[in-house]
Amino acid sequence: MIKNILNLGDAALYCDFGKEVNKETNNQVIRYFKSIRKENIEGIDNLAPSYNKLIISFNLRKTNFKKLKSIIENLDIKKNDHLENKKIEIPICIDEQFSLDIKRLEEKLNINRDKIYENFFNKIFFCYMTGFIAGMPFLGDLDEDMRVERLETPRVKVPKGSVGLTEQFANIYTFESPGGWNIIGNTPLDVFDSSKKIEPNLINPGDTIIFKKITKNQHSNFND
Amino acid sequence: MTKNYFKVIRPGINSTFQDQGRKNLYHIGVPFSGAMDSRNYLLSNKLCGNKEDYPVLEFAYQGPLLKYFGDKIVIAITGEVNFTIKKKDKLINGTCYQSFILDNGDELDIVSTNKSVYGYLSISGKFDLKYQWNSFSTNTKANIGANDGKKLELNQKINIFDIKKNLNIKKLNYTNIKIEKIRILRGTNFDYFSEKGKKDFSEKEFMVSKLSDRMGMRLEGSKIENNFDTNIKSEGLIKGVIQVPADGNPIIMLSDHGTIGGYPKIGVVISADYDKLVQLTPGSKIKFKEVNLSDAETLFKLYEMETQNLISQI
């Protein structure tokens with residue numbers, strides 16, 4: 001349930017689901033996000049779900065904070081109980097050419113690379129949110145002993161398809177972009193395809209993700 | 001069929017097609033985008049007799065130089081813009097908020113925005129653009145929207161269709177007003193900042209830095225002291241949010257902002273002041289003034305009435 005609704009500026013609701021970042025809280029956020037989307041409420045422009053918050057921005061010409069807050073508070077979320085979540089397999093190549101920060105990961109985590117890869121490929125990830133750059137999924141949770149800080153100096157250009165680790169999360173760079181995550185491999189899969197008219201992003205909040213190791217050859221021939 | 005088009009002789013610094021923005025995609029990381037200065041966008045369309053949601057060409061600082069080929073067409077420019085129209089036999093000094101007729105072979109030289117950032121060009125016809133996810137707005141960082149998600153490029157053609165037969169010249173008396181104070185509402189992390197930090201934020205003057213673009217406006221001045229935590233769990237953002245990273249220099253999120261951020265939010269610019277905020281050039285000095293939610297809502301109503309009143313005068 002929403003713990004508290006505040007205003008963020010004069011044209012957005014800031015819905016707080018609690019301090020903890022865990023699947024249970026995030027499931028609540030996603031449940032609200034999906035239900036509100038289905039309701040097509042007049043004046044809502046955008047919904048931004050994250051770990052434990054949902055920001056609802058609206059058109060101040062059409063509605064206001066007080067009206068919308070009351071609508072959200074009175075929504076019967078249970079009636080839309082069904083969450084349609086996908087299970088997705090992401091191919092990833094961990095060849096030296098792509099596993100840019102494996103050495104740093106070995107040093108910081110004090111675990112050898114075989115064990116790091118083993119932990120990574122055995123993990124079933126959960127998508128908490130997508131965003132920052134278009135389509136980028138925030139996937140958790142890495143085990144405690146796999147958690148590492150961002151790079152001290154972020155890369156100016158992280159290659160498209162790079163899979164990075166930071167703290168409890170893995171992510172995928174859907175575009176070439178600046179960034180500071182520790183890059184473990186690269187996927188040839190288009191995780192965000194802006195040429196698609198609908199559903200340009202492969203991974204949505206609530207989805208389950210596993211990574212599957214592919215060879216350098218499979219990586220380079222993937223899109224043929 | 002007659003072919004009508006502009007040829008881009010000089011693309012300008014950041015010339016992009018924009019409309020009212022792209023809704024319902026924050027959750028996958030696609031920002032709202034759209035014309036930065038909404039009032040000037042609406043006025044430019046109205047001056048060409050267009051519907052309010054037509055795409056227009058937005059430019060910043062130095063605009064494009066365009067050579068026109070085709071049937072007579074009406075154009076209008078809004079903002080504070082220096083521009084000329086070079087015809088076969090004469091050179092016309094352009095005036096904003098007034099429409100002009102372009103003939104085949106005329107050159108429209110959008111020299112610069114004067115003490116402001118953004119200006120708008122609209123035409124009495126339709127730019128031939130790709131509609132993506134219910135908007136023409138271009139986001140050059142993610143290559144989304146019209147013109148393959150890119151800025152105008154040298155020598156490219158901008159095709160035009162459906163030129164209106166009616167060549168009415170319209171004019172509006174309007175002067176853009178500068179604001180001295182940006183009005184804000186308290187952000188959700190206001191209490192992360194020390195008493196000194198809060199005081200500096202509300203009393204000190206800040207300068208708009210050169211590192212400002214359609215994504216955000218960086219400010220320089222007093223470093224705002226945080227005595228709680230310089231990071232928050234990443235969460236959604238909206239335009240107008242003022243984040244303060246660990247270095248203490250505020251950043252205001254603008255229309256192409258990243259959809260998720262992890263810095264504390266000290267304030268949010270009120271909707272009524274957004275159009276004027278985005279027009280502040282690097283080097284401008286600004287101060288913040290806190291208002292409450294009901295004042296912010298009233299101020300927006302007044303601003304919107306004023307905009308509608310201007311539109312009705314055209």
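The written sequence of each chain sets the order in which its residues are numbered from 1. Chains carry letters from A onward and ligands carry numbers from 1 onward, assigned in written order. Selection of residues for local features in this predicted model requires a pLDDT of at least 70, selection of side-chain atom pairs for listing and counting requires 80 or more, and totals for whole chains, interfaces and linings are taken over all residues. Note that water and hydrogens are dropped before the side-chain values are worked out from all heavy atoms of the structure.

Novice: Please explain the pairing of strand E20 (residues 265-269) of chain B as it appears in this structure.
Specialist: Along a regular strand, successive side chains alternate from one face of the sheet to the other. Residues and elements named next belong to chain B. Per-residue accessibility, obtained with a 1.4 Å probe over protein chains only, is compared with the maximum for each type, and a residue is labelled buried under 20%, exposed over 50%, and partly exposed between these values. Here a helix means four or more residues in a row that DSSP labels H or I, a strand means two or more in a row labelled E, and each is numbered from the N terminus. For E20, a buried count of five out of five residues is recorded, marking the element as mostly surrounded by other parts of the structure. Note that strand E13 (residues 181-186) and E20 share three bridges and pair antiparallel. Looking at E20, one finds that Arg 186 is bridged to Gly 267. Here strand E17 (residues 241-243) pairs with E20 via three bridges, running antiparallel. The residue bridging Gln 243 from the neighbouring strand is Lys 265, located in E20. By this definition, two strands are paired if DSSP reports at least two bridges between them.

Novice: What is the right way to look at the pattern of salt bridges in this model?
Specialist: Pairing between side chains becomes possible if they bear opposite charge and their charged atoms approach one another. The salt bridge definition used is simple: a Lys or Arg side-chain nitrogen within 4 Å of an Asp or Glu carboxyl oxygen. By the definition in use, this model includes 31 salt bridges over all chains. Here Lys 123 of chain A ties to Asp 143 of chain A by a salt bridge, and the two come within 3.0 Å at their closest N and O atoms. Highlighted residues: Lys 123 of chain A in the loop between helix H4 (113-122) and strand E6 (125-130) and Asp 143 of chain A in the loop between strand E7 (137-140) and strand E8 (155-158), separated in sequence by 20 residues. For Asp 143 of chain A, a relative accessible area of 36% gives the class partly exposed. Between Lys 67 of chain B and Glu 107 of chain B there is a salt bridge, and its shortest N-O distance comes to 3.7 Å. Residue Lys 67 of chain B is found in strand E4 (residues 65-69), and its partner Glu 107 of chain B is found in strand E9 (residues 107-113); the two are separated by 40 residues along the sequence. The buried category is assigned to Glu 107 of chain B, whose relative accessible area is 17%. Here the salt bridges do not stand alone but share partners, grouping Lys 72, Lys 87, Asp 103 and Asp 106 of chain B into one network.

Novice: Honestly, the sheet that holds strand E4 (residues 53-58) of chain A in this entry has me stumped. Any pointers?
Specialist: Residues and elements named next belong to chain A. Pairing in this open sheet of four strands is antiparallel, and the strands run E1-E2-E4-E3 from one edge to the other. Looking at which strands have only one partner, the edges of the open sheet turn out to be strand E1 (4-7) and strand E3 (44-49). Strand-to-strand twist across the sheet, computed as the mean angle between neighbouring axes with direction ignored, equals 20°. Pairing analysis gives four bridges linking E1 to strand E2 (residues 12-16), with the strands arranged antiparallel. Fitting a line to C-alpha atoms yields each axis, with helices limited to the stretch in contact; the angle taken between N-to-C directions then spans 0 to 180 degrees.

Novice: Mind showing me how you'd approach the domain arrangement of chain B here?
Specialist: It is common to report an interface's size as the accessible area lost on association of the parts. Residue and element names in this part refer to chain B. Domain boundaries assigned for chain B yield domain 1 (4-161) and domain 2 (182-312). Each of domain 1 and domain 2 has a C-alpha centre, and the two are 27 Å apart. Taken over both partners, the interface formed by domain 1 and domain 2 buries close to 2100 Å², and the fraction arising from carbon and sulfur atoms is 52%. In terms of surface lost to domain 2, no three residues of domain 1 exceed Tyr 26, Met 36 and Arg 39, which account for 35% of the buried area on that side. The tally of links from domain 1 across to domain 2 stands at three salt bridges. Residue ranges for the domains originate in an automatic or database domain assignment. We define buried area as the total accessible area lost by two parts upon association, computed with a 1.4 Å probe and summed across both.

Novice: Is there a simple way to think about the domain arrangement of chain A in this case?
Specialist: All names here are of chain A. With domains assigned, chain A is organised as domain 1 (4-80) and domain 2 (87-220). Summarising the inter-unit geometry, the C-alpha centres of domain 1 and domain 2 are found 29 Å apart. Counting residues at the interface gives 10 residues for domain 1 and nine residues for domain 2. Applying the counting criterion to the domain 1 and domain 2 interface returns zero salt bridges. We define a polar contact as two N or O atoms separated by no more than 3.5 Å, with the added condition that, inside protein, one atom must be a possible hydrogen donor and the other a possible acceptor, whereas residues neighbouring each other in sequence contribute only through side-chain atom pairs. Joining domain 1 to domain 2, the criterion identifies one residue pair in polar contact (both at pLDDT 80 or more). Between two residues, a contact is recorded if the distance between any of their heavy atoms is within 4.5 Å.

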